[in-house]
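As a plain string of letters, each chain reads:
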Amino acid sequence: MAPIRFKLRTLLAAACAAGALAAAGLAQAQNAAPPAHYKAEYRLSLVLGTAYPWGKGGEIWANLVRERTQGRINIKLYPGVSLIQGDQTREFTALRQGVIDLAVGSTINWSPQVKQLNLFALPFLLPDFAAIDALTQGPVGKDLFNTLEKSGVVPLAWGENGYREISNSKKDIRRPEDLKGMKIRVVGSPLFLDIFTALGANPTQMSWADAQPALASGAVDGQENPLAVFMASKLQTVGQKHLTLWGYIADPLLFVVNKDVWASWTPADRDIVRQAAIDAGRQQVGIARKGLVETDKPLVKELTGLGVTVTQLQPAEREAFAKATRPVYDKWKSTIGADLVGRAEKSIAERKPQ
Ligand code: X2X
């Protein structure tokens, strides 16, 4: 009898082991399979696609989320703000309303709805990259996240479009007078109209989709965008031969999620999405600054090689532009909130050099 009992016990043990294995397998399957209410696809809005640092940030985020959730959260990119027919200043509203699930969006495009985001477009507030980081990675960044949360979206991380440099088809710009009468395409809030009007230019608001044909046809003379955008859009081929590095404003990006979508995810998945946004944001900022932080600025050299005349302003020349736009700064300081701007100025004054 003994051998049989032994066999029985072995069989029982084997059955238990198989059961445990099956249970583990089931748990794993459950882990991988999304809860029934998850969407098959989440829609991520972007102005610029993966040929640009901006779109690369979205791609990195989507890939990290897909990997780390084993496909439970599947994010698809919609560049060209195609979910809102290319009208980038409507992106924030669409995000709140759920037309868009996630976005990597620019502070400029959301500033018509969230006035505090105009902060980064205060002319000549930000002298260098360390100043941008002092804001986004410090108490001001936290404040802005609170504001965004109150406005109905879930902010997760910062990225960067970049310092916006001015280009045109007419002449080199060294002094505010050089901008006189020039038709400059701008986007965003009325702050941009105020800045260019103060400089004697003729600003006109239009989306990025409309800007490129307008430059090509000569309907406008110039535009302002980060060098990586100039490069990837080949703006030299639409007559933009004069480029001035004046760094008058910078344009951070925000990685955000629609509130209801966020609430629909499990806490573990929310942690994954948040950490993936932080990791993607960090990588994306590195990509956005590539070619500009090295001492010989290879990106500038490359543009010169393409036949673009690049004018680097000396500090005194830059100061002339800052002086001419100071009344705009002061006016918008109170619109944005004197407290917030004061805290930003303090963070910048105390920044650590990089
Ligand atoms: O429209 C622009 O200039 C762009 C692409 O930089 C933004 O979306 C802010």
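Bear in mind the structure is a predicted one, so any value in this text is a computation, not a measurement. (Residues numbered from 1 in each chain as written. Predicted model: local features only at pLDDT ≥ 70, side-chain atom pairs only at ≥ 80, totals over all residues. Heavy atoms only, no water.)

**Concerning the overall build of the chain**
Here is step 1 of the chain: A count of helical and extended segments in the chain gives 15 helices and 11 strands.
Here is step 2 of the chain: When the backbone C-alpha atoms are referred to their principal axes, the chain occupies close to 105 × 45 × 40 Å.
Here is step 3 of the chain: Only carbon and sulfur atoms are counted for the fraction: they give 57% of the accessible area of the chain, which is about 15900 Å².
Here is step 4 of the chain: Of note, the chain has its 42 positive side-chain charges centred 5 Å away from the centre of its 33 negative side-chain charges. (Helix = DSSP H or I, 4+ residues; strand = E, 2+ residues; numbered from the N terminus. Areas by Shrake-Rupley, 256 points an atom, 1.4 Å probe, with all protein chains shown as cover. Lys, Arg positive; Asp, Glu negative; His and termini not counted. Charge placed at Lys NZ, Arg CZ, Asp CG, Glu CD.)

**As for the sheet that holds strand 8 (residues 222-225)**
Here is step 1 of the chain: Ordered by their spatial adjacency, six strands build an open sheet running 7-6-8-5-9-11, and the pairing between neighbours is mixed. Looking at which strands have only one partner, the edges of the open sheet turn out to be strand 7 (202-205) and strand 11 (309-312). Direction aside, the axes of adjacent strands within the sheet are offset by 25 degrees on average.
Here is step 2 of the chain: In this sheet, strand 8 lies alongside strand 5 (residues 165-168) in antiparallel orientation, the contact comprising four bridges. Residue pairing for strand 8: N168 is matched across the bridge by G222. (Pairing = 2+ DSSP bridges. Axes fitted to C-alpha atoms, helices over the stretch in contact; angles between N-to-C directions.)

**Some details on the confidence of the model for the chain**
Here is step 1 of the chain: Residues of the chain with pLDDT of at least 70 account for 91%, and the chain-wide mean is 93.
Here is step 2 of the chain: Scored below 50 in pLDDT, residues 1-6 shows zero contacts in the model against residues more than four places distant or in partner chains.
Here is step 3 of the chain: Residue range residues 19-30 is modelled with pLDDT below 50. Its contacts to residues more than four positions away, or to other chains, number zero contacts. (pLDDT = per-residue confidence, 0-100. Contact = heavy atoms within 4.5 Å.)

**Brief notes about the environment of A324**
Here is step 1 of the chain: Within the element layout of this structure, A324 appears in helix 13 (residues 315-324).
Here is step 2 of the chain: Taking the C-alpha atoms as reference points, A324 and G141, separated by 183 residues in sequence, lie 28 Å from one another.
Here is step 3 of the chain: Ignoring any residue separated from it by four or fewer positions in sequence, one finds A324 in contact with P176, A198 and L199.

**As for the pattern of salt bridges**
Here is step 1 of the chain: Tallying each qualifying case throughout the model produces 19 salt bridges.
Here is step 2 of the chain: With a shortest N-O distance of 2.9 Å, D178 and R175 are connected by a salt bridge.
Here is step 3 of the chain: The class for D178 is buried, based on a relative accessible area of 8%.
Here is step 4 of the chain: With a relative accessible area of 44%, R175 lands in the partly exposed category.
Here is step 5 of the chain: With its nearest N and O atoms 3.5 Å apart, the salt bridge here joins E350 to K346.
Here is step 6 of the chain: Of the residues examined, E350 reaches a relative accessible area of 53% and is grouped as exposed. (Salt bridge = Lys/Arg side-chain N within 4 Å of Asp/Glu carboxyl O. Buried < 20%, exposed > 50% of the residue type's maximum accessible area, 1.4 Å probe, protein only.)

**Considering the site of the ligand**
Here is step 1 of the chain: As a matter of local geometry, the ligand sits amid 13 residues, with Q88, N109, R164, R185 and N225 nearest to it.
Here is step 2 of the chain: Here an oxygen atom of the ligand sits 2.8 Å away from a polar atom, N or O, in the side chain of R164.
Here is step 3 of the chain: A distance of 2.7 Å separates an oxygen atom of the ligand from a polar atom in the side chain of R185.
Here is step 4 of the chain: Relative to its unbound accessible area of 270 Å², the ligand is 100% covered by the protein chains. (Near = heavy atom within 4 Å. Polar contact = N/O pair within 3.5 Å; in protein donor to acceptor, adjacent residues only side chain to side chain.)

**Concerning helix 2 (residues 53-68)**
Here is step 1 of the chain: Relative to the 22 Å expected for 16 residues at 1.5 Å per residue, helix 2 spans 22 Å between its end C-alpha atoms, a close match to the ideal helical length.
Here is step 2 of the chain: Where helix 2 terminates, the next one or two residues include Q70, which has phi positive at roughly 50 degrees. (Expected span 1.5 Å × (residues − 1).)

**As for the packing of aromatic side chains**
Here is step 1 of the chain: Scanning the model with the defined rule gives 13 aromatic pairs in all.
Here is step 2 of the chain: With 5.4 Å between their ring centres and 50 degrees between their planes, F92 and W110 make a pair best called tilted. Highlighted residues: F92 in helix 3 (residues 91-97) and W110 in helix 4 (residues 107-110), separated in sequence by 18 residues. Here the two residues F92 and W110 agree in accessibility, since each one is buried.
Here is step 3 of the chain: With a centroid separation of 5.3 Å and an interplanar angle of 70 degrees, the aromatic rings of F129 and Y163 are classed as edge-to-face. With F129 in helix 5 (residues 129-136) and Y163 in strand 4 (residues 153-163), this pair connects stretches of sequence that are 34 residues apart.
Here is step 4 of the chain: A relative accessible area of 11% places Y163 in the buried class.
Here is step 5 of the chain: Sitting over the ring of Y78, R43 keeps its end group 5.8 Å from the ring centre. (Phe/Tyr/Trp six-rings, centres within 6.5 Å; stacked < 30°, edge-to-face > 60°. Lys NZ or Arg CZ within 6 Å of the ring centre and 35° of its normal.)

**Examining unusual backbone geometry**
Here is step 1 of the chain: Look at V81: it is not a glycine, yet its phi comes out positive at around 40 degrees.
Here is step 2 of the chain: Along the chain, V81 falls in the loop between strand 2 (75-78) and helix 3.
Here is step 3 of the chain: A positive phi is found at F124, a non-glycine position, where the angle reads about 65 degrees.
Here is step 4 of the chain: Here F124 is to be found in the loop between helix 4 and helix 5.

**Notes on the side chain of Q223**
Here is step 1 of the chain: Tracing the sequence through the fold places Q223 in strand 8.
Here is step 2 of the chain: Note on Q223: relative accessible area 0%, which makes it buried.
Here is step 3 of the chain: A polar atom in the side chain of Q223 sits 3.1 Å from the side chain of N225.
Here is step 4 of the chain: The residues contacting Q223, other than those within four sequence positions of it, are E165, I166, S167, I184, R185, W208, L215, F230, L235 and Q240.

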